[in-house]
Amino acid sequence: MAEVIGVRFKTVGKVYYFDPAGTQLKKGDYVIVETARGIECGEVALENSIVDEEKIVKPLKMLVRKATDEDIKKFKDNKEKEKSAALICEEKIAKNNLEMKLVDVEYAFDGSKILFYFTADGRVDFRELVKDLASAFRTRIELRQIGVRDESKMLGGLGICGRPFCCNTFMGDFQPVSIKMAKEQGLSLNPVKISGTCGRLMCCLKYEQPAYDHLLKITPKVGAIVNTTEGKGTVVDVNLLTGILKVRLDNNPDGLPYSVHRKNVKIIKDSKIKVEKEELDALKDIQ
C-alpha cells in the first residue's frame, strides 16, 4: 500500500498518481509535479489516498510543491498564449498548403516547448511547418498526430443522444469497443446508429456492457428453446432491459408470438449471439 494523490493535466484527462511527499492536498488544488515531459502544473483530482502497489506505475514520482499564486498565474497565462499560438499555427499550415487540421495547442509549464496536436488522413511532411513555427516562437516545437477519438475528446460536442460527449465530460481513458458489444446489446448494426460523432463505435457501448453481460446471463437469447405456461416454443425476439420475450409456440407456429417475461419461462436449450464475418467486414471502418 502507498499514499498517493491523483493529478489531472487536462479538464477530462487521465489521472496520474504522484507521491504527495507528506503534503495534505484537497481536490481542486493546483500542484507542480515532474513528469516524463518535464515540470508540469496540474489539478488534484484525487486527494491523499492509500492505494495498492499494483495500481501504481513505478517509479512513483514525487510532488515538487503545491502551486503558488505565481505558478497559477503562469499556468493561466500559458492557456492564453495557446489561443494566439493556434491562430499563428493555422496561418502557417495554410501557407505551406498542408492537408492537416489543428486540434489543440499545449504550452509546457516552463515555456520550453509548445506541443501542437493535429489530425490528418495520412502522413504529413511538416518539416517546413516546424521551421516556421520555431522561427515564430523561438522555442522547441513538437507536432503530434492524433486520432479522431482524441480529437472529439479535446474539442467536445453533443452526441446523438443529445448529451455532451462522454469522452469530454467524465471518461479519463478510451477503452476498446467491439461490434460484438453492439450485437449483444440488441442494437441495429447500422453505422449511423452505433457510431459517435467521431465516426467510431460509441464509447457508451463499453461502459454499459457489464449491465448487459448480467442480463444476457439471465435472459434466453433469440433462437433459444423454452418452456412457457402456454407450451414449448422458440424465442424470436428479446428486450433485455424489460425482460420481455416473444416466443413462437410449437403448438401455434402460424399465430402471433406469445409475449412473456423471462422469469416465467424455463430454458430447455439456449442460443448464442454471433457476429458474422460479413457484418464485421461491413463495419470494420468504425471500430
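*Asks:* Outline the sheet that holds strand β1 (residues 2–8), listing residues and values.
*Replies:* Pairing in this open sheet of five strands is antiparallel, and the strands run β2-β1-β4-β3-β5 from one edge to the other. Two strands lie at the open edges of the sheet, namely β2 (15–18) and β5 (63–66), each paired on one side alone. Within this sheet the neighbouring strands show an average axis-to-axis angle of 45°, counted without direction. For β1 and β2, the ladder comprises four bridges, and the chain directions are antiparallel. The residue bridging Arg8 from the neighbouring strand is Val15, located in β2.

*Asks:* Give me the lowdown on helix α8 (residues 209–218), citing residues and values where you can.
*Replies:* Considered for burial, the residues of α8 that qualify are Gln209, Tyr212, Leu215 and Leu216. Buried residues along α8 cover an arc of 120° about the axis, so they all sit on one side. Those residues of α8 that are exposed and angled more than 90 degrees off the buried face are Pro210 and Lys217. The inward-facing, buried residues of α8 contact α5 (179–184) and α7 (204–207).

*Asks:* Help me get a handle on the environment of Lys26, residues and values and all.
*Replies:* Residue placement: Lys26 occurs in the loop between β2 and β3 (30–35). A relative accessible area of 59% places Lys26 in the exposed class. Separated by 169 residues in the primary sequence, Lys26 and Ser195 place their C-alpha atoms 38 Å from one another. Contacts of Lys26, omitting those with residues within four sequence positions, involve Val44 and Glu47.

Cut-offs applied
- Residues numbered from 1 in each chain as written.
- Predicted model: local features only at pLDDT ≥ 70, side-chain atom pairs only at ≥ 80, totals over all residues.
- Heavy atoms only, no water.
- Pairing = 2+ DSSP bridges.
- Helix = DSSP H or I, 4+ residues; strand = E, 2+ residues; numbered from the N terminus.
- Axes fitted to C-alpha atoms, helices over the stretch in contact; angles between N-to-C directions.
- Buried < 20%, exposed > 50% of the residue type's maximum accessible area, 1.4 Å probe, protein only.
- Arc of directions from axis to C-beta.
- Contact = heavy atoms within 4.5 Å.

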